[in-house]
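# Close look at the chain arrangement
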Amino acid sequence: MMKRQLAWHSSRFNNLLLTAVLTLGLPLTGMAAQEQDMTQIHITMGGTPGAEFSAQWRITHNDETIEHPETHGTVPAEFTFEGTTLEGTVKLLSEDDRLEVDILKGSNRSRSATQGKGGTLTVMVR
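As a starting point, this report considers the structure included with it.

Here is what the cut-offs are and how they apply
Residues numbered from 1 in each chain as written. Predicted model: local features only at pLDDT ≥ 70, side-chain atom pairs only at ≥ 80, totals over all residues. Heavy atoms only, no water. Buried < 20%, exposed > 50% of the residue type's maximum accessible area, 1.4 Å probe, protein only. Helix = DSSP H or I, 4+ residues; strand = E, 2+ residues; numbered from the N terminus. Pairing = 2+ DSSP bridges. Polar contact = N/O pair within 3.5 Å; in protein donor to acceptor, adjacent residues only side chain to side chain. Contact = heavy atoms within 4.5 Å. Salt bridge = Lys/Arg side-chain N within 4 Å of Asp/Glu carboxyl O.

## Considering the pairing of strand β8 (residues 120–125)
- Only one face of β8 is covered, namely the one carrying Leu121, Val123 and Val125; the face carrying Thr120, Thr122 and Met124 has none of its residues buried.
- In the sheet, strand β5 (residues 85–92) pairs with β8 via 6 bridges, with the strands oriented antiparallel. If you follow glycine 88 over to β8, its bridge partner there is valine 123.

Next comes the structure, spelled out in structure tokens:
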């Protein structure tokens, strides 16, 4: 009689312990994913299909700034960077075209557009 009761307590204790470990594990996973979203910067270049552009991206991450020049891109195009801040200068190179720049970082979204050759956009996302 005594042995059976002890076994029951033991398995119940293990279940409680397992539940506690699982519950504690979840917020940590959630936070890590959220933190990654806040450092992932996604840029979508839209507008007139085939429109030509040049872009100069400056990504700052952990106090280090890296430049990513895109000397000759065409719409549509997408870029994804890892960083906390993005600064960029985008120039439309082709005549009579429209260029749209859509930047997403976490829940922050920045949209800009320009039309006509030489149209320049300066964008910044923190």
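## Focus: the side chain of serine 94
- Locating serine 94 in the fold gives a position in the loop between β5 and β6 (98–105).
- With relative accessibility at 11%, the residue serine 94 sits in the buried group.
- Separated by 3.0 Å, the side chain of serine 94 and the backbone nitrogen of glutamate 52 make a polar contact.
- At 2.7 Å, the side chain of serine 94 forms a polar contact with the side chain of aspartate 97.
- Residue contacts for serine 94: discarding those within four places in its chain leaves Ala51, Glu52, Gly116 and Lys117.

## A word on the pattern of salt bridges
- Enumeration according to the criterion identifies 3 salt bridges in this entry.
- Notably, a salt bridge pairs aspartate 102 with arginine 109, separated by 2.8 Å at the nearest N-O pair.
- With a relative accessible area of 48%, arginine 109 lands in the partly exposed category.
- The closest approach of N and O atoms between arginine 111 and aspartate 102, which form a salt bridge, is 2.8 Å.
- On the basis of relative accessible area, arginine 111 is assigned to the exposed category, the value being 64%.
- What you see here is one network of salt bridges that share partners, running through Asp102, Arg109 and Arg111.

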